[in-house]
Amino acid sequence: MTRTFRAFVNEQHFQPVFCRPADPESKGKVENVVKYVKRNFLAGRTFNSLEVLNTEVLQWLEKTGNGKIHGTTRLVPAEEFEIERKYLLPYYGGKHSINSPFHSKNVILLL
C-alpha cells in the first residue's frame, strides 16, 4: 500500500480488502463494471467539464446502469443499493480525498 493510499485509508476510517495478485477471478466483477461503463456510457462521448460528465452519468445510471435487471444476479442494482445503504461508512473528506491529484494510464480527458 502506498503512503498516500494509507493516509487516505486512515483519514476515511476503513480497511481495504485487496484482490489476489495475478488472479482475474478475484477482481473480475469490479473490472467488468468499469468495462460496462466505458463501453455503454463513455464510448463516443465528449465532455467539456467534469460537472457535465457527472450530470450525464448520473442520469444514465438512473435509467440504464442501475435501473435495469442485472443479467447475472437478476437483481436491480438501485434496489440492492438501498438495502446496503445502512452498512455504508460516512465519507469524511479531507486532504487525501478523491479530488487530490492523481496519475493514471486510464485518465478521461475533458475537452
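In the block above lies the structure referred to throughout.
In what follows, the accompanying structure is described. (Residues numbered from 1 in each chain as written. Predicted model: local features only at pLDDT ≥ 70, side-chain atom pairs only at ≥ 80, totals over all residues. Heavy atoms only, no water.)

**Points about a nonpolar patch on the surface**
A contiguous nonpolar surface patch, about 310 Å² in accessible area, is contributed by Met1, Phe5 and Phe18. Mapped onto the fold, phenylalanine 5 is located in helix 1 (residues 3-12). (Patch = residues over 30% accessible without salt bridge, like charges linked within 9 Å, V, L, I, M, F, W, Y side chains within 5 Å. Areas by Shrake-Rupley, 256 points an atom, 1.4 Å probe, with all protein chains shown as cover. Salt bridge = Lys/Arg side-chain N within 4 Å of Asp/Glu carboxyl O. Helix = DSSP H or I, 4+ residues; strand = E, 2+ residues; numbered from the N terminus.)

**Description of the pattern of salt bridges**
Oppositely charged side chains may form a pair once their charged atoms are brought near each other. Taken as a whole and assessed by the stated rule, the structure comprises 2 salt bridges. In this structure, arginine 45 engages glutamate 56 in a salt bridge whose closest nitrogen and oxygen atoms are separated by 3.6 Å. Residue arginine 45 is found in the loop between helix 2 (24-42) and helix 3 (50-65), and its partner glutamate 56 is found in helix 3; the two are separated by 11 residues along the sequence. Judged by relative accessible area, arginine 45 falls into the partly exposed class, the value being 39%. (Buried < 20%, exposed > 50% of the residue type's maximum accessible area, 1.4 Å probe, protein only.)

**A look at the nonpolar core**
Residues Phe41, Leu42, Phe47, Leu53, Val57 and Trp60 constitute the largest nonpolar core, which totals 6 residues. Top element by residues in this core is helix 3. It accounts for 3 residues. Among residues more than four places away in sequence, those in contact with leucine 53 are Phe41, Leu42 and Phe47. (Core = buried A, V, L, I, M, F, W, Y, C linked by side-chain atoms within 4.5 Å. Contact = heavy atoms within 4.5 Å.)

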